[in-house]
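# Fold and contact review
These are the residues of each chain, in order.
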Amino acid sequence: DLKVDPTQKKRVAYFYDADVGNYAYGAGHPMKPHRIRMAHSLIMNYGLYKKMEIYRAKPATKQEMCQFHTDEYIDFLSRVTPDNLEMFAKEQIKFNVGDDCPVFDGLFEYCGISGGGSMEGAARLNRGKCDVAINYAGGLHHAKKSEASGFCYLNDIVLGIIELLRYHPRVLYVDIDVHHGDGVEEAFYTTDRVMTCSFHKYGEFFPGTGELRDIGVGKGKHHAVNIPLRDGIDDATYKSIFEPVVQKIMDWYQPSAVVLQCGGDSLSGDRLGCFNLSMKGHANCVNFVKLFGIPMMVVGGGGYTMRNVSRTWTYESGLLNNVLLPLELPYNEYYEYYGPDYKLDVRPSNMYNYNSPEFLNKILTNIVANLENTKH
Ligand code: VJV
Ligand code: CA
Ligand code: ZN
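Numbering of residues begins from 1 in every chain and follows the order in which that chain's sequence is written. Throughout, the order in which chains and ligands are written sets their labels, letters from A for the former and numbers from 1 for the latter. Owing to the predicted nature of the model, reporting of local features is limited to residues with pLDDT of at least 70; listing and counting of side-chain atom pairs is limited to 80 or more, with chain, interface and lining totals taken over all residues. For the side-chain quantities, the full set of heavy atoms in the structure was used; hydrogens and water were omitted.

A few words now on the coordination of the zinc ion (ligand 3). Metal donors: N, O and S atoms at distances within 2.8 Å, or within 3.2 Å for Na, K and Ca, with water omitted from the atom set so that some sites may seem incomplete. Within the first shell, the zinc ion (ligand 3) binds the protein through Asp-177 (OD), His-179 (ND1) and Asp-265 (OD), at distances of 1.9 to 2.0 Å. All donor residues of the zinc ion (ligand 3) come from one chain, and their arrangement in sequence is D-x1-H-x85-D. Residue His-179 is located in the loop between β4 (171-175) and α7 (182-187), and its partner Asp-265 is located in the loop between β7 (257-261) and α9 (279-290); the two are separated by 86 residues in the primary sequence. To sort residues, take the accessible area from a 1.4 Å probe on protein chains only and compare it with the maximum for the residue type: under 20% means buried, over 50% means exposed, and anything in between is partly exposed. The class for His-179 is buried, based on a relative accessible area of 8%. The class of Asp-265 is buried, set by a relative accessible area of 0%. In this description a helix means any DSSP run of H or I spanning at least four residues, a strand means any run of E spanning at least two, and both kinds are numbered starting from the N terminus.

This is the structure in C-alpha cells:
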C-alpha cells in the first residue's frame, strides 16, 4: 500500500524543544502538548535520529511574531499570566482568551517554541539546507492576526509561509486536520502567492467556515480550496478526494514549496474528531505530498487521542526519511500509554461513512472545473 522510494534521498530537519511537553492548557482541556513529547520519544527509540538532523529552534521573538500579528496582541500574550489575568478583563474579550484558549503558565514561551520551529524550518528550506522540515509543535492554524482561536494563539504556519515567500514565488498549504484551517486561509485570502487547501468536517462543527464556494478574493480568487466533508470518512474515500485534488493543484499552481499541516484529529477514535482514518490512511497524505519532490514543511496541529497522534506522527516521520517503521513499538518512556497491543497502528472503526461517492464526485468536479476554467 504505502511506497517509499529510497533513491529519492531526503535531508530531513526535525525541530523539537524538550520543554514543550511541560506546558499545559489546564485540567480537562483536550489539547495536550505532552503528545509532542510522546511522539518524540517514539521517534528517537525507533532510531530515526540516525537519519535526520535534530534541532532545537531559537524561540520566535516578539518582532518575528509581529510579521503577522499585531503589536498590541503580541504585547498582551507576552504580559498576561494566570496571576495577573484580572488586570486584563477587557483584553481577555478582545483577544478571545477564555475556555478554548486559556491563559496558562508559560503561554508566551510555548508560542515562541511553536513559532520558532516553523520559522527556522522555513529558513533552512530557503537556504537549501534540507528538503523536509518537521515541527510537530506547530500547525496552530486557527490563530488570527489579532486574536486567539481554537486552542491556537500564535499562527506559526503563517509565520513560516511568510519566511518561505522570501525565496519562493508560490507556496502551497495543505491542511488535513479535521478542522478548517481558517487562520491560514484568511491570512492569504487575497493573494495569489499562497494557495491554501483544507480538508475538514463541515456542518455544525468548529470553526464553521470552509464552504466549497469559498475560493478567495481579488488576486486570491481560486487560490483557496475547501473540501467540506461529513462524518466517518474512511481511508479509501479520503484518498479518492485527496489525491486528485492535490494533483490538480500541483499541476495548475506549480508551487515551489509546500507546507503540510498534519493534524491528528482526523484519525479514527479522536476525542474531538469524527473521521475514520487509520494511521496509514493519514500517512498516505504525507507520502503523496512528499512524492512531488519540492521543499516541504511538515507541521503538527490537532489530535486529541494522544497515543494515536504520537503513533501517526512517528510513522510519518519514518516515511519522510524513506523508512517503513516496523509494527512492534520499541520500549520508550511512555510505553504504558500504548497498551494493550503496543503496536504502531491506528485502526479504523465500523462507523458509518456519510461521504457518498456522489457527494465527493460533486465536490471534485466543482474544484477541477474552477481551476480548469481559470488561467493561473
Ligand atoms: O466548539 C468550540 C467553541 C465552543 C465554545 C467554547 N467551549 C469550551 C466549547 C464550544 C464553541 N471550540 C472547539 C475548538 C476546537 C479547536 C480545534 C483546534 C485544532 O485541532 O484545529 C488545531 C489545534 C472545541 N471543540 C471542543 C472543545 N472546543 C473543548 C474545549 C474545552 C474542553 C472540552 C472541549 C476547553 C476546556 C475544557 N474542556 C476543560
Ligand atoms: Ca483541515
Ligand atoms: Zn483540529
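Okay, the coordination of the calcium ion (ligand 2) next. Taken together, the protein ligands of the calcium ion (ligand 2) are Asp-175 (O), Asp-175 (OD), Asp-177 (O), His-179 (O), Ser-198 (OG) and Phe-199 (O), with distances of 2.5 to 3.1 Å. Sites are called tetrahedral only when four donors show all angles between 85 and 135 degrees, square planar or octahedral only when four or six donors show opposite pairs over 155 degrees and all other angles between 65 and 115, and irregular in any remaining case. Coordination at the calcium ion (ligand 2) comes from 6 donor atoms whose angles at the metal span 68 to 166°, giving a geometry best classed as irregular. Sequence positions of the residues that donate to the calcium ion (ligand 2) give the spacing D-x1-D-x1-H-x18-S-F. You can see Asp-177 sitting in the loop between β4 and α7 and its partner Ser-198 sitting in strand β5 (residues 194-201), a full 21 residues away along the chain. Note on accessibility: Asp-177 and Ser-198 belong to one class, buried.

Across soluble globular proteins, nonpolar side chains show a tendency to be buried alongside one another. To qualify as a nonpolar core, a set must consist of buried Ala, Val, Leu, Ile, Met, Phe, Trp, Tyr and Cys residues joined through side-chain atoms within 4.5 Å. Core analysis: the largest hydrophobic core is formed by 125 residues, its most contacted members being Tyr-153, Ile-161, Phe-199, Ile-227, Tyr-238, Phe-242 and Val-245. By definition, residues are in contact when any of their heavy atoms lie within 4.5 Å. Once residues within four sequence positions are removed from consideration, Phe-242 is found in contact with Val-174, Ile-176, Phe-199, Cys-285, Phe-288 and Val-289.

Right, let's get into helix α1 (residues 34-45). With 12 residues, α1 ought to run about 16 Å at 1.5 Å a step, and its terminal C-alpha atoms sit 17 Å apart, in line with that. Where burial is concerned, most of α1 is hidden: 11 out of the 12 residues are buried. Burial in α1 covers these residues: His-34, Arg-35, Ile-36, Arg-37, Met-38, Ala-39, His-40, Ser-41, Leu-42, Ile-43 and Met-44. Those residues of α1 that are buried are in contact with β1 (12-15), β2 (53-55) and α10 (306-320). Among the residues trailing α1, Gly-47 stands out with phi positive, at a value near 85°. A helix is expected to span 1.5 Å for every residue after the first.

Of all 5 residues making up β4, 5 are buried, and the element is well covered by its neighbours. One ladder, built from 5 bridges, connects β4 with β5; its direction is parallel. Bridge assignment links Asp-175 to a residue of β5, and that residue is Ser-198. At least two DSSP bridges between two strands are required for those strands to pair. In this structure, β4 lies alongside β7, joined through 5 bridges in parallel fashion. Across the sheet, residue Val-174 finds its bridge partner in β7, namely Leu-260.

Our focus in this paragraph is helix α5 (residues 107-126). The end-to-end C-alpha distance of α5 is 29 Å, a good match for the 28 Å that 20 residues give at a rise of 1.5 Å each. The buried fraction of α5 is high, at 17 of 20 residues. Positive backbone phi, at 70°, marks Gly-128, one or two positions downstream of α5.

Any Phe, Tyr or Trp ring, taking Trp's six-membered ring, that has another such ring centre within 6.5 Å forms a pair; planes under 30 degrees apart are called stacked, those over 60 apart edge-to-face, and the others tilted. On inspection of all chains with the given rule, the structure shows 25 aromatic pairs. Here Tyr-23 and Tyr-110 contribute two aromatic rings whose centre-to-centre distance is 5.9 Å and whose plane-to-plane angle is 50°, an arrangement assigned as tilted. On the criterion of sequence distance, the pair formed by Tyr-23 in the loop between β1 and α1 and Tyr-110 in helix α5 is long-range, its members being 87 residues apart. In this structure Tyr-110 comes out as buried when scored by relative accessible area, which is 3%. Centroid distance Tyr-73 to Phe-95: 5.4 Å. Interplanar angle 45°. Geometry classified as tilted. One end of the pair, Tyr-73, is in helix α3 (residues 71-79); the other, Phe-95, is in the loop between α4 (89-94) and α5, with 22 residues separating them in the sequence. Per residue, the accessibility class of Tyr-73 equals that of Phe-95, and both read buried.

So, about the side chain of Asn-308. When you line up the elements, Asn-308 lands in helix α10. Dropping the residues within four chain positions of it, Asn-308 is found in contact with Leu-267, Ser-268 and Val-346.

The omega torsion across Phe-206 and Pro-207 is -5°, close enough to zero to call that bond cis. Looking at the element boundaries, Pro-207 is found in the loop between β5 and β6 (224-229). The backbone of Asn-96 sits at a positive phi, close to 60°, despite the residue not being glycine. Among the secondary structure elements, Asn-96 is positioned in the loop between α4 and α5. At Gln-254, a residue that is not glycine, the phi angle is positive and equals roughly 45°. Following the sequence through the fold, Gln-254 ends up in the loop between α8 (235-253) and β7.

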